[in-house]
Amino acid sequence: MLTLFFILILGLISGSFISMLTYRLPRKLSFSGRSFCDNCKQKIPWYNNIPVFFYLFSGGKSLCCQKKISLRYPIIEITTALFFVFTYILFEDKNLLFYLSMPFLIWRQVFGDLAYPFLLIITIFLLALSIIDLEFGILPDVLLKFLSFPVFIFLLLSPSPGFFNGIFFGFISFCFFLVIYLITQKREWVLGM
């Protein structure tokens, strides 16, 4: 039970990081420096960044300008924590793992106990990509490049057919998205959008 609590806290902290990343990256803001209020841009103290708890403590209002804090922050933090807990349960229960996800099972066979941190890293990147895609309709190249690194290591270290299967299915996925891209570009050209 203590482990699940630790995983939940780690998920909330990671969710806070994802909130910052998904706010600053699409807006081309610097990642250095302290956090600031979305409304008045005043720098906020570190304790205002404690995931979910500050939002509840302050009644959902910023202490510097008393404006409402966006619900995106606690939603992202809680969602990340839930994904971390679900990934842990899936990782620990071998029977559930077998029935739900063969790739998870292979991942665990390849990396052993190191598989769980790799899965969390992939979860962070996938959540960040999903949020940015929902809010801005873009997938930043920098996140895709970082995400490709653990996936490539997995494919390289997985049992022999795994690498070539991964390359093949990656190529098929690329072709699928290329067709979608070409169709949407053609439509915009025809409609003059």
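Before reading further, recall that the structure is shown in the block above.
One structure accompanies this document, and this report is about it. Bear in mind the structure is a predicted one, so any value in this text is a computation, not a measurement.

**Some points on the overall build of the protein**
The helix and strand tally for the protein stands at eight helices and zero strands. Across the protein, helices and strands are ordered from the amino to the carboxyl terminus as α-α-α-α-α-α-α-α. The buried share of the protein, taken over its 193 residues, is 34%. Looking at the protein alone, contacts between residues at least 24 apart form 56% of all its contacts between residues at least 6 apart. Counting every atom, the protein has about 12,800 Å² of accessible surface; 73% of that belongs to carbon and sulfur.

**Topic: helix H1 (residues 2-24)**
The end-to-end C-alpha distance of H1, which contains 23 residues, comes to 33 Å, matching closely the 33 Å that a straight helix rising 1.5 Å per residue would cover. Residues Ile7, Gly11, Leu12, Ser14, Gly15, Ser16, Ile18, Ser19, Leu21, Thr22, Tyr23 and Arg24 constitute the buried set of H1.

**A look at the packing of aromatic side chains**
A full pass over the atoms with the stated rule returns four aromatic pairs. Consider the rings of Tyr88 and Tyr116, whose centres lie 5.7 Å apart with planes at 75°: the pair is edge-to-face. Taken together, the residues Tyr88 in helix H3 (residues 72-92) and Tyr116 in helix H6 (residues 115-136) connect sequence positions 28 residues apart. Tyr88 gets classed as buried once you look at its relative accessible area, which sits at 18%. It is Arg27 that lies over the ring of Tyr23; its NZ or CZ is 3.9 Å from the centre.

**A few points about the packing of H1 against H3**
Interaxial distance between H1 and H3 falls to 7 Å at its minimum, and their mutual angle equals 135°. Put simply, H1 runs oblique to H3. Crossing of H1 over H3 shows right-handed handedness. Classifying every residue of the contact of H1 with H3 gives 15 nonpolar, eight polar and two charged.

**Structural notes on the layout of surface pockets**
Estimates place the volume of the second largest pocket at around 600 Å³. Around the second largest pocket sit 29 residues that line it, and Ser35, Phe36, Ile44, Asn49 and Tyr73 are the ones nearest its centre. Listing elements by their share of the lining of the second largest pocket, those giving two or more residues are H1, helix H2 (53-57) and H3. At five residues, the largest contribution of residues to the lining of the second largest pocket is made by H1.

**Quick look at the packing of H3 against H6**
Interhelical geometry of H3 versus H6 gives an angle of 145° and a closest axis separation of 10 Å. Note on packing geometry: the crossing formed by H3 with H6 is right-handed. Residue-level inspection shows Arg72, Ile76, Thr79, Thr80, Phe83, Phe84, Thr87, Tyr88 and Phe91 of H3 in contact with H6, the latter providing Ala115, Tyr116, Leu119, Leu120, Thr123, Ile124, Leu127, Ile131 and Glu135. Taken together, the residues that form the contact of H3 with H6 break down as 12 nonpolar, four polar and two charged.

**Some points on the pattern of salt bridges**
This model, assessed by the stated rule, comprises one salt bridge. Arg72 serves as the salt-bridge partner of Glu135, at 2.9 Å between the closest nitrogen and oxygen. Highlighted residues: Glu135 in helix H6 and Arg72 in helix H3, separated in sequence by 63 residues.

**Considerations on the nonpolar core**
Of all hydrophobic cores here, the largest spans 24 residues; its most connected members are Ile7, Ile18, Phe84, Tyr116 and Leu143. Among the elements that make up this core, the one with the highest residue count is H6 (12 residues). Ile7 has contacts with Phe84, Val85, Tyr88 and Tyr116, leaving out every residue within four places of it along the chain.

**Thoughts on the side chain of Asn48**
When you line up the elements, Asn48 lands in the loop between H1 and H2. Apart from the residues within four sequence positions on either side, Asn48 is in contact with Phe54 and Leu63.

Definitions and limits used
Residues numbered from 1 in each chain as written. Predicted model: local features only at pLDDT ≥ 70, side-chain atom pairs only at ≥ 80, totals over all residues. Heavy atoms only, no water. Helix = DSSP H or I, 4+ residues; strand = E, 2+ residues; numbered from the N terminus. Buried < 20%, exposed > 50% of the residue type's maximum accessible area, 1.4 Å probe, protein only. Contact = heavy atoms within 4.5 Å. Areas by Shrake-Rupley, 256 points an atom, 1.4 Å probe, with all protein chains shown as cover. Expected span 1.5 Å × (residues − 1). Phe/Tyr/Trp six-rings, centres within 6.5 Å; stacked < 30°, edge-to-face > 60°. Lys NZ or Arg CZ within 6 Å of the ring centre and 35° of its normal. Axes fitted to C-alpha atoms, helices over the stretch in contact; angles between N-to-C directions. Parallel < 35°, antiparallel > 145°, perpendicular 65-115°, else oblique. Left-handed = near helix turned anticlockwise from the far one by under 90°. Nonpolar A, V, L, I, M, F, W, Y, C, P; charged D, E, K, R; others polar. 1 Å grid on protein atoms, 1.4 Å probe; cavity = no way out; pocket = protein on both sides within 12 Å on 5 of 7 lines; lining within 4 Å. Points joined across faces, edges and corners; volume = space filled by probe spheres on them. Salt bridge = Lys/Arg side-chain N within 4 Å of Asp/Glu carboxyl O. Core = buried A, V, L, I, M, F, W, Y, C linked by side-chain atoms within 4.5 Å.

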